Every structure is written in structure tokens, then in C-alpha cells.
Amino acid sequence: MSNEVKQAKVAATLALAPVVPVVIIEDASKAVGMARALVAGGIPAIEVTLRTPAALDAVRAIAAEVEGAFIGVGTVLTAKDLEAAFKAGAKFAVSPGSSPRLLDAADDHELPLLPGAATSSEAMELLERGYRFQKFFPAVPAGGAKLIGAWASPLPQITFCPTGGISLANAPDFLALPNVACVGGSWLTPADKLAAGDYAGIEALAREAAQLKRKA
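Residues numbered from 1 in each chain as written. Predicted model: local features only at pLDDT ≥ 70, side-chain atom pairs only at ≥ 80, totals over all residues. Heavy atoms only, no water.

### Examining the overall build of the protein chain
Move 1: The helix and strand tally for the protein chain stands at eleven helices and nine strands.
Move 2: Rg of the C-alpha trace for the protein chain: 16 Å, near the compact-globule value of 17 Å for 216 residues, within the 12% margin.
Move 3: Dimensions of the protein chain along its principal axes, counting C-alpha atoms only, are 45 × 35 × 25 Å.
Move 4: Nonlocal contacts in the protein chain, meaning residues at least 24 apart in sequence, comprise 63% of its contacts between residues at least 6 apart.
Move 5: Split by element, the accessible area of the protein chain, about 9200 Å² in all, is 56% carbon and sulfur.
Move 6: Across the protein chain, the 19 positively charged side chains and the 21 negatively charged ones have centroids separated by 3 Å. (Helix = DSSP H or I, 4+ residues; strand = E, 2+ residues; numbered from the N terminus. Rg over C-alpha atoms; globule rule 2.2 N^0.38 Å. Contact = heavy atoms within 4.5 Å. Areas by Shrake-Rupley, 256 points an atom, 1.4 Å probe, with all protein chains shown as cover. Lys, Arg positive; Asp, Glu negative; His and termini not counted. Charge placed at Lys NZ, Arg CZ, Asp CG, Glu CD.)

This is the structure:
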């Protein structure tokens, strides 16, 4: 699959909703209910991070059982992670940054990658590799909406998904920018609601997030 095709797939993923939930899941048995709640609330693209032993089992379950879910895997650091995500049924992969080895592996893999950048130099290096869509991480600690907004003029070719410190309160600041397609956030699937199986609560948070307005 060519890089242009993969970039088009990333663009389509980021266009699905204003927010991509970033999920840290401890119990894979909660995955299907959680994903169904997110989809019902209008949030179909879901990033399950590789931060727990349950992550890949959760991805497999969502990919197999949740109609309308567009499942991805986050915290992808290596070629091995990329392949594991693909085999589990992921449609996209997300990394907090980038490394030459990971980018080389992604070049040869059909799973589209959304790599992370925290500086303009990192963003330029990714652009040189063909990545017009990038994750801005960690968004708030790295400089927030003012920093990424300042990149819009000199780096108009790049569209971002800011993640890291994003909440319902500050998401509109990012979504108002011309170079932001959507934001990533963990507030849609809080640990207490996941642990309790409060899927109605998760759906309510998803519905609220789905109503956020975006400019890009």
C-alpha cells in the first residue's frame, strides 16, 4: 500500500469525529461494552493504548464484535508493536513520537501510522517522510493551542491530532485551529467508569464530545 493511500486512510479516520478517545484498559472483558457505548455516542474511532496486558485482547474483541467501531492501537513504539496491532485487527496505529526504525517499519507495513511530534523540527522531519497527518504530543505540556496554532502558517501542509492534557474544557481551543483535524483524549473513558462497567456514562460523555465543533 502506498504512503499516499495510507495518508488518505489516516485523514478519513481523523475526520470521523472531533475526538479520538485514548483508552487505557485494564480488563478486556469491558472492551466491547465500552466500544459500543462510544459508537452509540457518535465516536467511532477508538485508540486502545498498549499500556496494559489487556490491550491487544481488547482490540481483538472490539474488531470482532463491535459494528461501526474503527479500532486503532496507540503507544506503538516498535515494528513488533505495529505487527501485533495489525494482527489484532487494528485499522490504524498511533505513536507518541517517532524513531527511524519505527518509520522504516511503517513504510513497509500496510497499517497506517499517525506518528507523534512535539516540536516544529520533528514535524518537519515527519513531513519529509511523507506524514502530512501527525499527532501533537504531549499537546498541553509542549505548548498547547498557542504553539500548534503558530505552526499553521509556516507548516500548512501538516494537519494534527493534539493529544495529552486535552479535556472537554480545552478541546475547543484546539479544534478552532485550521491545522487541527480532531483531538485525542482520555476523558471519554475514565478508569472509574470502565471498572464499574458504566457504559451509559461513557455513552453520555461520547455524545457530549461528538457535539464539539471543529474548523479544519
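Having seen the structure, we can now continue with the description.
### Considerations on the side chain of T49
Move 1: Looking at where T49 falls in the secondary structure, it is placed in strand β2 (residues 45-49).
Move 2: Given a relative accessible area of 0%, T49 falls into the buried group.
Move 3: Once residues lying within four places of it in the same chain are set aside, the contact partners of T49 are V22, V23, I24, A55, G74 and T75. (Buried < 20%, exposed > 50% of the residue type's maximum accessible area, 1.4 Å probe, protein only.)

### Details of the sheet that holds β2
Move 1: The strand order β5-β4-β3-β2-β1-β9 describes an open sheet built from six strands, whose pairing is parallel. Each edge of the open sheet is held by one strand with a lone partner, namely β5 (113-114) and β9 (183-185).
Move 2: Relative to β9, strand β1 (residues 19-23) is paired through three bridges, and the arrangement is parallel. Looking across to β9, one finds that P21 is bridged to G185. (Pairing = 2+ DSSP bridges.)

### Overview of the environment of A54
Move 1: On the secondary structure map, A54 appears in the loop between β2 and α3 (55-65).
Move 2: In sequence terms A54 and K80 are 26 residues apart; their C-alpha atoms lie 17 Å from each other.
Move 3: Setting aside residues no more than four positions away along its own chain, A54 makes contact with I25, E26, D27 and A28.

### Some points on the packing of α3 against helix α4 (residues 79-88)
Move 1: Here α3 crosses α4 at 35°, and the two axes come no closer than 8 Å. Residues L56, V59, R60 and A63 of α3 pack against A84, A85 and A88 of α4. (Axes fitted to C-alpha atoms, helices over the stretch in contact; angles between N-to-C directions.)

### Thoughts on helix α5 (residues 100-107)
Move 1: For α5, every residue scored as buried is listed here: L102, L103, A105 and A106. Axial view of α5: buried residues confined to an arc of 160°, hence all on one face. In α5, the exposed residues that point more than 90 degrees away from the buried face are P100 and R101. (Arc of directions from axis to C-beta.)

### Here we look at the sheet that holds strand β7 (residues 133-136)
Move 1: Taken together, the three strands give an open sheet; going across it, the order is β6-β7-β8, and neighbouring strands pair in parallel fashion. Among the strands making up the open sheet, the edge pair consists of β6 (116-117) and β8 (159-162).
Move 2: Sheet analysis places β7 next to β8, joined by four bridges and oriented parallel. Considered in β8, the bridge of F133 is made with T159.

### Some details on the pairing of strand β3 (residues 70-74)
Move 1: Of all five residues making up β3, four are buried, and the element is well covered by its neighbours.
Move 2: Note: β2 against β3, five bridges, orientation parallel. Across the sheet, E47 pairs through a bridge with G72, a residue of β3.
Move 3: For the segment spanning β3, α4 and strand β4 (residues 92-94), crossover handedness is right-handed. (Right-handed = clockwise from strand over helix to strand, strands pointing away.)

### A few points about the pattern of salt bridges
Move 1: Taken as a whole, this structure holds eight salt bridges when the rule is applied.
Move 2: Residues participating in the shared-partner salt-bridge network are D104, D107 and R129. (Salt bridge = Lys/Arg side-chain N within 4 Å of Asp/Glu carboxyl O.)

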